[in-house]
Amino acid sequence: MEHLKQSHAQAITCGLGDNSFALSRLLAFCSDPLHGSPSYGWKVFQRIQHPTICICNTVIKAFLLNGELIKIIHIYTRLLRDGMIPDK
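Residues numbered from 1 in each chain as written. Predicted model: local features only at pLDDT ≥ 70, side-chain atom pairs only at ≥ 80, totals over all residues. Heavy atoms only, no water.

Draft legend 1. Structural view of the packing of helix 3 (residues 38-47) against helix 4 (residues 53-65). In the contact formed by helix 3 and helix 4, the axes pass within 11 Å of each other and the chain directions differ by 155 degrees. As summarised for this structure, helix 3 and helix 4 are arranged roughly antiparallel, according to the angle between their axes. Considering how the two elements wind past one another, helix 3 and helix 4 form a crossing that is left-handed. Seen from helix 3, the contacting residues are P38, W42 and F45; seen from helix 4, they are I55, C56, V59 and F63. (Axes fitted to C-alpha atoms, helices over the stretch in contact; angles between N-to-C directions. Helix = DSSP H or I, 4+ residues; strand = E, 2+ residues; numbered from the N terminus. Parallel < 35°, antiparallel > 145°, perpendicular 65-115°, else oblique. Left-handed = near helix turned anticlockwise from the far one by under 90°. Contact = heavy atoms within 4.5 Å.)

Below is the structure:
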């Protein structure tokens, strides 16, 4: 997990802190039950000002795998509030 945090810090330093692809990959790794950290993923997600539908889907899947339904509801309502249409 420490390597992931270092990679995240490096991405921010290189100007990729708002890159949706980089953030999506970071969040996907955080969702891995064996190697990731859903709590770190949640912190990263909360700092994203304008998450894409792809990022939201990645985070919803992560929390679904970890049984965190309250966070899923929070993300879903944020999707609706921001005017995004969720994928089927």
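Draft legend 2. Seen up close, the side chain of R78. Structurally, R78 is set in helix 5 (residues 69-81). In this view, R78 contacts F45, Q46, I48, Q49, H50 and P51; residues no more than four positions away in its chain are not counted.

Draft legend 3. Structural context of the nonpolar core. By size, the foremost hydrophobic cluster in this structure holds 18 residues, and its most contacted members are F45, I55, V59 and I75. Looking at this core, the elements that each hand over two or more residues are helix 2 (20-30), helix 3, helix 4 and helix 5. What F45 contacts, discounting residues up to four positions off in sequence, is L27, P51, I55, C56, V59, I75 and R78. (Core = buried A, V, L, I, M, F, W, Y, C linked by side-chain atoms within 4.5 Å. Buried < 20%, exposed > 50% of the residue type's maximum accessible area, 1.4 Å probe, protein only.)

Draft legend 4. Highlighting the pattern of salt bridges. Following the criterion strictly, the structure yields 3 salt bridges and no others. With a closest N to O distance of 3.0 Å, K71 and E68 form a salt bridge. Its salt-bridge partner being R81, residue D82 comes within 3.7 Å of it at the nearest N-O pair. One salt-bridge network, held together by shared partners, links R78, R81 and D82. (Salt bridge = Lys/Arg side-chain N within 4 Å of Asp/Glu carboxyl O.)

Draft legend 5. Looking closely at the packing of aromatic side chains. One pass over the full model with this rule turns up 2 aromatic pairs. Three or more aromatic residues joined by ring pairs make a cluster, and in this case those are W42, F45 and F63. Seen from the ring of F45, R78 lies directly overhead, with NZ or CZ sitting 5.0 Å from the centre. (Phe/Tyr/Trp six-rings, centres within 6.5 Å; stacked < 30°, edge-to-face > 60°. Lys NZ or Arg CZ within 6 Å of the ring centre and 35° of its normal.)

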